[in-house]
Amino acid sequence: MLVEGAIPALAEHLSSASAEMRSHACRVLGEMAFRNPQICYAVTSHEEVVPQLVAIIANSSTTMGGRCDACLVLNNCAAFCEASCCSIVGCTGLLDALKEMAVCSDAFARGIAVGVFNCLSRCPSVKQELIEANIVEEALAPVLRQPGSGERHEAMLARTAMAIANLTGNVTLSDLEHDASQMAI
């Protein structure tokens, strides 16, 4: 496939000294992966891509926008290719980096991290790893305590509820609202 030849070149740009180049590479990978399971699998199977994305997400000196760009690649790959989820979750440091973003002060970044967890939570192959990594307790439940309003905030709460339900199998939105109100006390 012609597009697959682009993945090694983009992987090189993920480690560029230029933040702009890293951001562009992430955006291209994310667009390529959108609704294309074959590309998602090729992206997450490349030995350098997921570790480089984790390095971007985990690097506190990377702008939050750059970190979000990297998360969106993972989001699309997890959303459109179940086989990609194992490569994503299996990458050392990823879950911790996503947990950190999920509880950060930047509402947009928090929403992106929750989106990745929501996509990953749909995959039966990684469910146990997410549970063992305490994603619900350390990332998703704290999101429910974050103040906010508006459509973006409500959408983030809905994705959080879906991820918790996927991982625990028994959560309703009214349970989450009750839990959130109890946590705020």
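What you are looking at is a predicted structure, and each value in this text was computed from that prediction instead of being measured. Counting from 1, residues in each chain are numbered in the order their sequence is written. Reporting of local features is limited, given that this is a predicted model, to residues whose pLDDT is at least 70; pairs of side-chain atoms are given and counted only at 80 or more, and all residues count toward the totals for whole chains, interfaces and linings. Remark: hydrogens and water are excluded; side-chain values derive from all non-hydrogen atoms of the structure.

Just give me the short version of helix α8 (residues 107-121), but keep the residues and values in it.
When the terminal C-alpha atoms of α8 are compared, their 21 Å separation across 15 residues agrees well with the 21 Å that a helix rising 1.5 Å per residue should span. Along α8, 13 of the 15 residues are buried, which leaves the element largely enclosed by surrounding structure. Each helix is a run of DSSP H or I of at least 4 residues and each strand a run of E of at least 2, with the numbering of both proceeding from the N terminus. Multiplying one less than the number of residues by 1.5 Å gives the expected span of a helix. Buried means the residue's accessible area, taken with a 1.4 Å probe over protein chains only, is under 20% of the maximum for its type, while exposed means over 50%, and partly exposed covers the values in between.

So what's going on with the nonpolar core? Residues and values would help.
Of all hydrophobic cores here, the largest spans 61 residues; its most connected members are I135 and L140. The element contributing the most residues to this core is α8, with 8 residues. Contact definition: two residues touch when any of their heavy atoms are within 4.5 Å. In this view, I135 contacts L95, K99, F117, L130, L140 and L167; residues no more than four positions away in its chain are not counted. Among buried residues, those of type Ala, Val, Leu, Ile, Met, Phe, Trp, Tyr and Cys that are joined through side-chain atoms within 4.5 Å constitute a nonpolar core.

Please provide a residue-by-residue account of the pattern of salt bridges, values included.
Take a side-chain nitrogen of Lys or Arg and a carboxyl oxygen of Asp or Glu: if they are within 4 Å of each other, that pair is a salt bridge. Taken as a whole and judged by the stated rule, the model has 4 salt bridges. Among the ionic pairs, D96 bridges to K99, the shortest N-O distance being 3.7 Å. Residue D96 and its partner K99 are located together in helix α7 (residues 94-102), separated by 3 residues, close to a single helical turn. Of the residues examined, D96 reaches a relative accessible area of 53% and is grouped as exposed.

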